[in-house]
Amino acid sequence: MNLSIRSRPAVRGVLVMTGTALLLTALAGCSKDKETVAGWAKDGGQEHMSAIATDVKTLGEVSDQYTADPTIAPRCNQVLDDVKAAKAFRDPPDKIANSSWQQALNRVQTAASHCVRNVKAGRGSSLVEAIDAQTSFRDFLSGFDLALSQS
């Protein structure tokens, strides 16, 4: 049984949830208040959310690969760059959304770091870590959606 195939529905789920978050952000983004998650998203947070959603998909795609694919390490390094940029951006103003955002960023960073390390050692990346990153990002999107509905 190829475990990487099983992760694809989870990746699709993340993408669907990201689309929902984008739509809700657009609808709630009319607020000028910088202290709302809608304001955070509108002022740059959405770009980081989109990059991390793409990165979660990338981690799922490169997981459990035991080939000498030369594109895996650069893709995982790009994920690390995106996480660094997201961490440098200001935190979401909602306490719950911020907590889940930080957890998602940390798990994405861990999966990407291990991916780079494992590729250098001639091993594939970890499917478990990619699934943890997907789950954490999905949890963030749920909290983000809730915070949007309350702003």
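Residues numbered from 1 in each chain as written. Predicted model: local features only at pLDDT ≥ 70, side-chain atom pairs only at ≥ 80, totals over all residues. Heavy atoms only, no water.

**Concerning the pattern of salt bridges**
Heads up, the condition is: Definition used for salt bridges: Asp or Glu carboxyl oxygen within 4 Å of a side-chain nitrogen of Lys or Arg. Note on conventions: DSSP H or I runs of at least 4 residues are helices, E runs of at least 2 residues are strands, and numbering of each starts at the N terminus. Working definition: with a 1.4 Å probe on protein chains only, accessible area under 20% of the residue-type maximum means buried, over 50% means exposed, and in between means partly exposed.
All told, the structure shown has three salt bridges when counted by the stated rule. Residue glutamate 61 pairs with arginine 75 through a salt bridge whose shortest N-O separation is 2.4 Å. Here arginine 75 lies in helix H3 (residues 72–88) and glutamate 61 lies in helix H2 (residues 37–62), a separation of 14 residues in the sequence. On the accessibility criterion, glutamate 61 (36% relative accessible area) is partly exposed. Classification of arginine 75 as partly exposed rests on a relative accessible area of 30%.

**Thoughts on the side chain of threonine 36**
The test is simple: Polar contact is defined as a pair of N or O atoms within 3.5 Å, subject to the rule that within protein one atom must be able to donate a hydrogen and the other to accept it, and that residues adjacent in sequence are counted only when both atoms are side-chain atoms.
Relative to the helices and strands, threonine 36 is located in the loop between helix H1 (3–28) and H2. Under the relative-accessibility criterion, threonine 36 is labelled buried at 11%. Here glycine 39 takes part through its backbone nitrogen, which lies 3.0 Å from a polar atom of the side chain of threonine 36.

**Quick word on H3**
Note the threshold: Take the number of residues in a helix, subtract one, and multiply by 1.5 Å to get its expected span. By definition, residues are in contact when any of their heavy atoms lie within 4.5 Å.
For H3, with 17 residues, the first-to-last C-alpha span of 25 Å sits near the 24 Å given by 1.5 Å per residue. All of the buried residues in H3 are Ile72, Ala73, Cys76, Val79, Asp82, Val83 and Ala86. In this structure, the buried residues of H3 make contact with H2 and helix H4 (95–120).

**Some words on the state of the cysteines**
To keep it simple, the criterion reads: For the purposes of this analysis, a disulfide is any pair of cysteine sulfur atoms at a distance within 2.5 Å.
By the definition in use, this model includes one disulfide. Note on cysteine connectivity: cysteine 76 is disulfide-linked to cysteine 115, with sulfurs 2.1 Å apart. Measuring handedness by torsion sign, the sulfur bridge of cysteine 76 and cysteine 115 sits at about 70° and is right-handed. With cysteine 76 in helix H3 and cysteine 115 in helix H4, this pair connects stretches of sequence that are 39 residues apart. Across this residue pair, the class does not change: cysteine 76 and cysteine 115 are buried.

**A short note on the confidence of the model for the protein**
Under the convention used in this document: The predictor reports its confidence for every residue as pLDDT, a score running from 0 up to 100.
For the protein, the average pLDDT comes to 80, and 72% of its residues sit at 70 or higher. For the stretch residues 1–7, pLDDT sits under 50, and the model shows nine contacts to residues farther than four places along the chain or on other chains. pLDDT under 50 marks residues 22–34. Its contacts with residues more than four places away, or in other chains, come to 18 contacts.

**So, the packing of aromatic side chains**
Our working definition: Centres within 6.5 Å make a pair out of two Phe, Tyr or Trp rings, where for Trp the six-membered ring is used; the pair is then stacked when the planes are under 30 degrees apart, edge-to-face when over 60, and tilted otherwise.
Under the definition given, this model contains six aromatic pairs. Ring centres of phenylalanine 140 and phenylalanine 144 lie 5.6 Å apart, and the angle between their planes is 40°; on these two criteria the pair is classed as tilted. Residue phenylalanine 140 and its partner phenylalanine 144 are located together in helix H5 (residues 127–150), separated by four residues, close to a single helical turn. By relative accessible area, which is 0% here, phenylalanine 144 ends up buried. Among the aromatic residues, those joined into a ring-pair cluster are Trp40, Phe89, Trp101, Phe137, Phe140 and Phe144.

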